[in-house]
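# Tertiary structure, described
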Amino acid sequence: MIGALLVIYGHSSPLVGSGELFPPEWPVQPDEGVLMGFFALSGFQITESWMRDPHALRFAVKRVLRLWPPMLTVSVGMALIVGPMITTLPLGEYFRAHETWGYIVNNAGLLTLRHDLPGVFEDNPWPDAVNGSLWTLPMELLAYGGLFALLLLGTAKKDFRWLTVVALIGLIAWDRHLEQTPGAESAGSLLSVPVESLVAFLVAFALGVLLNLYRIPLSPLAAGAGLVVLVVMGNNITASAFMAFAVSYAVIVAGHFWPARLTVPGVWVNGSYGVYVWGFPVQQLLAMAGIGDQWLMLLCAAPIAYVLGTLSWKYVEDPTMRLRHLLDPAPAKKREPDPVPEDVPTEKSLPLPEPAVPRAPERPERPRHASPRPPVGGAQRPVGPPPGRAFPPDRGFPRRLPPEESPLSRRLSGEIDEPPQGRHARRPMPPEAGRRGDPNRLDRR
């Protein structure tokens, strides 16, 4: 949600026509860093989804139900509801225009995005752009596809995780090659997807995947140090290469160590995707209404987009995401026991054996010349095992104590059952304790 609101902040200045909101000499452009953070979080969380349920069909359905419904909702809403209200064309001409329906169809394909509707936002400071935020969604789809292919190859298994490392190294090499090429977006585009930005964001996505697969330690100190180094490096080629690593790691660390006292109910922040896709059209409508100050634009657009995003979560995203449970495997039925022929005796029909009553070993006869042991407390322990328990057969009856041992030592050894009085008295034992015996005496024996 913080990232989605920062995107609205980054769009405020260009959409009111006052130029760039962030100085170009800044080493870290917040809007680009936020987008890299989105891709890193996406790679981390989607890998976790596969690890919990490594089923190809269910994984693909989950990705479809997450990515398409909000995007289709905002595209259909802008083309069929908002567009007819603000277009400069007559309604009949607007609905007969091929571009009106092409906007919905092309955006549904994601890789064939369209950004303009006939007669909509033509006089805005940023003209002919209905929803510029959608441009990253095709890259997200391609990232899903690449990860899906790697997972099918067994990347999630321990023996094949090196494939992800190889993919990351290849993306980094490709990204550095494109970064060195002069000219903005000189690598061309894949349909409506700029290749240079695609590769840069895929690096962040792959970093999120690796952080999950290898369970790389997450350290706030390391994340903060990485951001400080990035700022100190300045705006250069090296910093642009290091930014994907520093920002991706820092965003995942921030999510992992988010303070518990700042945790809010999910419904307050689950609409971040809706905030992202609705923010740009809201800002264009405000610019069309005459707002020309970037801070006033932010102050008005952020709460409106937040409300629309929350409604999108409640009425679009959450209901459609629940559909994925239709593909969950059914719980295994309890197997019924095989029928037993009537002439075969069962366990219930067999007579139960007589329980064997353990007998204590016979006590050796006391020599006549031995002096009797004086009773302690006026009572002597009866001969035989405690009630309900026999002595271990390999140990026999407890040995007779020599006369010189004190009553305390005999009490600790279990020879005397009389409990001590006063504050040293033990609590009464529960009824079932008689069946178990005193564990202290058992241990001593």
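Just so you know, these numbers come straight off a predicted model, no measurement behind them.

### Let's talk about the side chain of Glu140
Assignment of secondary structure puts Glu140 in helix H6 (residues 137-152). Discounting residues that sit within four places of it in the chain, Glu140 has contacts with Phe39, Ser42 and Leu67.

### Digging into the nonpolar core
Ranked by internal contacts, the top residues of the largest apolar core, which has 72 residues, are Met36 and Phe205. Counting eight residues, the second largest nonpolar core, distinct from the first, contains Phe44, Ala223, Ile252 and Val253.

### Topic: empty space enclosed by the protein
Empty space among the atoms becomes apparent when a probe as large as a water molecule is rolled across them. This model, assessed by the stated rule, comprises one cavity of 30 Å³ or more. In this structure, the largest cavity spans a volume of roughly 70 Å³. Lining the largest cavity, in full, are Met36, Ile172, Asp175, Arg176, Ala200, Val203, Ser240, Ala241, Ala244 and Phe245. Per element, the largest residue contribution to the lining of the largest cavity is four residues, and it comes from helix H10 (residues 237-256). Of the residues in the lining of the largest cavity, the class split is seven nonpolar, one polar and two charged.

### Let's talk about unusual backbone geometry
Its identity is not glycine, yet Phe121 carries a phi of approximately 60°, on the positive side. In this structure, Phe121 sits in the loop between helix H5 (98-108) and H6. Given the relative accessible area of 2%, Phe121 is considered buried. Its identity as a non-glycine residue notwithstanding, Asp128 has a phi of 55°, on the positive side.

### Thoughts on H6
Between its first and last C-alpha, H6 extends 23 Å over 16 residues, near the 22 Å set by a 1.5 Å rise per residue. Taken as a whole, H6 has its buried residues at Leu137, Pro138, Met139, Glu140, Ala143, Tyr144, Leu147 and Leu151. Structurally, H6 contributes buried residues whose contacts are with helix H2 (30-52), helix H3 (56-86), strand S2 (193-194), helix H8 (195-213) and helix H12 (272-288). One or two steps after H6, the chain reaches Gly154, where phi turns positive at roughly 95°.

### A short note on the UniProt feature "transmembrane region" (unreviewed entry) in the protein chain
Cross-referencing UniProt, the feature "transmembrane region" (unreviewed entry) maps to residues 72-91, 134-153, 160-177, 197-214, 226-252 and 295-316 in the present numbering. Across residues 160-177, the secondary structure splits into 89% helix and 0% strand, with the terminal C-alpha atoms separated by 27 Å. Secondary structure across residues 197-214 comprises 94% helix and 0% strand; the distance between its end C-alpha atoms is 26 Å.

### Focus on the packing of H6 against H8
One can describe the packing of H6 onto H8 by two numbers: an axis separation of 10 Å at closest approach and a directional angle of 50°. Classified by the interaxial angle, the pair formed by H6 and H8 is oblique. Read as a crossing pair, H6 and H8 show a hand that is right-handed. Between H6 and H8, the contacting residues are Met139, Leu142, Ala143, Tyr144 and Leu147 on the first element and Ser197, Leu198, Phe201, Leu202, Phe205 and Val209 on the second.

### Describing the packing of aromatic side chains
A complete count under the given rule lists eight aromatic pairs for this structure. Geometrically, the ring pair formed by Phe59 and Phe148 is stacked, given 5.8 Å between the ring centres and 5° between the ring planes. Linking Phe59 in helix H3 with Phe148 in helix H6, this pair joins segments that are 89 residues apart in sequence. Judged by its relative accessible area of 24%, Phe148 is partly exposed. Above the ring of Phe59, the side-chain terminus of Arg63 is found at 5.1 Å from the ring centroid. Here Arg63 stacks its cationic end above the ring of Tyr144, 5.7 Å away from the centre of that ring.

### What to know about the environment of His325
You can see His325 is positioned in the loop between helix H13 (294-321) and helix H14 (407-413). Take His325: its relative accessible area is 47%, and that puts it in the partly exposed class. Along the primary structure His325 and Lys62 are separated by 263 residues, whereas in three dimensions their C-alpha atoms are 9.4 Å apart.

Conventions and cut-offs
Residues numbered from 1 in each chain as written. Predicted model: local features only at pLDDT ≥ 70, side-chain atom pairs only at ≥ 80, totals over all residues. Heavy atoms only, no water. Helix = DSSP H or I, 4+ residues; strand = E, 2+ residues; numbered from the N terminus. Contact = heavy atoms within 4.5 Å. Core = buried A, V, L, I, M, F, W, Y, C linked by side-chain atoms within 4.5 Å. Buried < 20%, exposed > 50% of the residue type's maximum accessible area, 1.4 Å probe, protein only. 1 Å grid on protein atoms, 1.4 Å probe; cavity = no way out; pocket = protein on both sides within 12 Å on 5 of 7 lines; lining within 4 Å. Points joined across faces, edges and corners; volume = space filled by probe spheres on them. Nonpolar A, V, L, I, M, F, W, Y, C, P; charged D, E, K, R; others polar. Expected span 1.5 Å × (residues − 1). UniProt positions renumbered as here; feature names shortened; annotations may be inferred. Axes fitted to C-alpha atoms, helices over the stretch in contact; angles between N-to-C directions. Parallel < 35°, antiparallel > 145°, perpendicular 65-115°, else oblique. Left-handed = near helix turned anticlockwise from the far one by under 90°. Phe/Tyr/Trp six-rings, centres within 6.5 Å; stacked < 30°, edge-to-face > 60°. Lys NZ or Arg CZ within 6 Å of the ring centre and 35° of its normal.

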